[in-house]
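Each chain is listed here by its residues.
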Amino acid sequence: MKKFLWLLIFSFNFLMLNGQKFNIDGKVADFEKKPVENATVYLLKQQDSSIINYTSTNKEGRFLLKTNELNEPSILKVDADKLISYSKKFEKIDQSISLENIQLDKNQISDIEEVKITVSPVKIKKDTIEFNANAIKVRPDSNIEELLKNISGVEIDNDGKITVNGKEVDQIMINGKPFFDKDGKIALKNLPADIIKNIQFTSTKTKEEELSGKTPKSENATINFTIDEKKNKGFLSRITAGYGF
């Protein structure tokens, strides 16, 4: 599972970063000065909080994030479980930046007083990369297929086949359950984007792997959409009834 996750992260970053010329690097530690592994590091545009790039820390707490030149304010954030987030604002980025040691403390104060980001746009967990759908900018009338198209590394061909950095998606789930015909084409075309809360990418598991917790061997990927029930308004029920499921 970890191998798949790191491969997925690497592939995402390779496609997103190819041609990008500046680095932001650093080392993240907790209040006891111990390295923080798997902390999520991401760079956002201040104007609309859209994601520029993201990565995670390694076992030594180190990270390397790449970006093109930016001539507008941006925000770097570091999130880790049970620790106060770190935030740093850049008016522009026209050179590589080394932040050296970043210590996450329970009492740490952000250096950004005027900016408050309450929900992380992306989280990297043990076996999952999760996007907050609200952080993906699409038109108000978009369907969830448009959400996917606006995530770097995700491609959808004319037949509706989805690949994530070359890996074919063989299962689409809604709230953790397979939706209709497994490939999810009906969901992609008919569910509005604004009812989606989170989008999760992970490796496809067999029933045995799900029950045992074993590392999945599949080279395919699964996408799970989490519905915001406050916005659902019966969409799922109507689509299910309309297609006879």
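Residues numbered from 1 in each chain as written. Predicted model: local features only at pLDDT ≥ 70, side-chain atom pairs only at ≥ 80, totals over all residues. Heavy atoms only, no water.

Engineer: Would you mind going over the overall build of the protein chain in detail, with residue names and values included?
Structural biologist: Looking only at helices and strands, one finds 6 helices and 15 strands in the protein chain. Per-residue burial over the protein chain gives 47% buried out of 245 residues. Nonlocal contacts in the protein chain, meaning residues at least 24 apart in sequence, comprise 65% of its contacts between residues at least 6 apart. For the protein chain, the accessible area works out to roughly 13700 Å², and carbon and sulfur atoms hold 47% of it. (Helix = DSSP H or I, 4+ residues; strand = E, 2+ residues; numbered from the N terminus. Buried < 20%, exposed > 50% of the residue type's maximum accessible area, 1.4 Å probe, protein only. Contact = heavy atoms within 4.5 Å. Areas by Shrake-Rupley, 256 points an atom, 1.4 Å probe, with all protein chains shown as cover.)

Engineer: Run through the layout of surface pockets, naming residues and quoting values.
Structural biologist: In this model, the largest pocket occupies a volume close to 350 Å³. Taken together, 14 residues form the lining of the largest pocket, with Asn38, Ala80, Asp81, Ile124 and Lys125 sitting closest to its centre. Here the element with the most residues in the lining of the largest pocket is strand β8 (residues 122-124); it accounts for 3 residues. Per-class residue counts for the lining of the largest pocket are 5 nonpolar, 3 polar and 6 charged. (1 Å grid on protein atoms, 1.4 Å probe; cavity = no way out; pocket = protein on both sides within 12 Å on 5 of 7 lines; lining within 4 Å. Points joined across faces, edges and corners; volume = space filled by probe spheres on them. Nonpolar A, V, L, I, M, F, W, Y, C, P; charged D, E, K, R; others polar.)

Engineer: I'd like a description of the sheet that holds strand β4 (residues 62-67), backed by residues and values.
Structural biologist: Read across the sheet, 3 strands follow the order β4-β1-β7 without closing on themselves; strand pairing throughout is mixed. In this open sheet, the two strands that pair with only one neighbour each are β4 and β7 (97-103). Going across the sheet, the axis of each strand differs from the next one's by a mean of 20 degrees, ignoring polarity. Looking at chain direction, strand β1 (residues 22-29) and β7 are connected through 5 bridges and run parallel. Bridging from a neighbouring strand, valine 28 pairs with isoleucine 102 of β7. (Pairing = 2+ DSSP bridges. Axes fitted to C-alpha atoms, helices over the stretch in contact; angles between N-to-C directions.)

Engineer: I'd like a rundown of the environment of asparagine 68, residues and numbers included.
Structural biologist: Here asparagine 68 is to be found in the loop between β4 and β5 (74-79). The exposure class of asparagine 68 is partly exposed, given its relative accessible area of 37%. Put simply, asparagine 68 and asparagine 53 are 15 residues apart on the chain and 9.9 Å apart in space, counted from C-alpha to C-alpha.

Engineer: Outline the pairing of strand β12 (residues 167-174), supporting the account with residue identities and numerical values.
Structural biologist: Taken across its 8 residues, β12 has 6 buried, putting it largely inside the fold. By the bridge criterion, 2 bridges tie strand β11 (residues 162-164) to β12 in an arrangement that is antiparallel. Bridge pairing links valine 164 to lysine 167 in β12. Across 5 bridges, the pairing between β12 and strand β15 (residues 221-227) is parallel. Among the inter-strand pairings, valine 169 is bridged to a residue of β15, identified as alanine 221. Examined bridge by bridge, β12 and strand β13 (residues 177-178) share 2 bridges and lie antiparallel to one another. Paired with isoleucine 174 across the two strands is lysine 177, which belongs to β13. Hairpin connection of β12 to β13: 2 residues between the antiparallel strands, including asparagine 175 at a positive phi of 55 degrees.

Nothing here speaks to function; it is geometry throughout.
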